[in-house]
Amino acid sequence: DSQILIGVGSNAWFHIDKYDDNYRIERYNEIGELDCSKIFRCDQKDFDIKDKYQFTYISHCMECRLIQNDKTFIFKAI
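Residues numbered from 1 in each chain as written. Predicted model: local features only at pLDDT ≥ 70, side-chain atom pairs only at ≥ 80, totals over all residues. Heavy atoms only, no water.

## A word on the pattern of salt bridges
Under the defined criterion, the tally for this structure stands at three salt bridges. With a shortest N-O distance of 3.3 Å, aspartate 35 and arginine 27 are connected by a salt bridge. Owing to a relative accessible area of 37%, aspartate 35 belongs among the partly exposed residues under this scheme. In this structure, arginine 65 and glutamate 63 form a salt bridge, with 3.0 Å as the shortest nitrogen-oxygen distance. According to the relative accessible area criterion, arginine 65 is partly exposed, its value standing at 24%. (Salt bridge = Lys/Arg side-chain N within 4 Å of Asp/Glu carboxyl O. Buried < 20%, exposed > 50% of the residue type's maximum accessible area, 1.4 Å probe, protein only.)

## A word on the environment of alanine 12
Turning to its location among the elements, alanine 12 is positioned in strand β2 (residues 12-19). On the accessibility criterion, alanine 12 (11% relative accessible area) is buried. On a C-alpha basis, the gap between alanine 12 and lysine 76 in space is 18 Å, while along the polypeptide they are 64 residues apart. Residues within four places of alanine 12 in sequence aside, it is in contact with Gln3, Ile4, Leu5, Arg27 and Tyr28. (Helix = DSSP H or I, 4+ residues; strand = E, 2+ residues; numbered from the N terminus. Contact = heavy atoms within 4.5 Å.)

## So, a nonpolar patch on the surface
Taken together, the side chains of Ile4, Ile6, Trp13, Tyr57 and Ile58 define a hydrophobic patch exposed on the protein surface, amounting to about 480 Å² of accessible area. Judged by relative accessible area, tryptophan 13 falls into the partly exposed class, the value being 34%. (Patch = residues over 30% accessible without salt bridge, like charges linked within 9 Å, V, L, I, M, F, W, Y side chains within 5 Å. Areas by Shrake-Rupley, 256 points an atom, 1.4 Å probe, with all protein chains shown as cover.)

See the structure below:
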């Protein structure tokens, strides 16, 4: 269920799960070690975790961007 985001210096794997009214996003390094695991909120209410999506730039431990149906959703760590 994780997705790789190819980077300039290194790559990272991202995983998202629904967590109450928010989301838990985990980021793993190239060798599978957990870099961070935080609760994120998305103010855009039309994101559907059951529909296809893709992590995109800029994504890190404080903010992640996902594209779904040609729309960019911004998730911010709580």
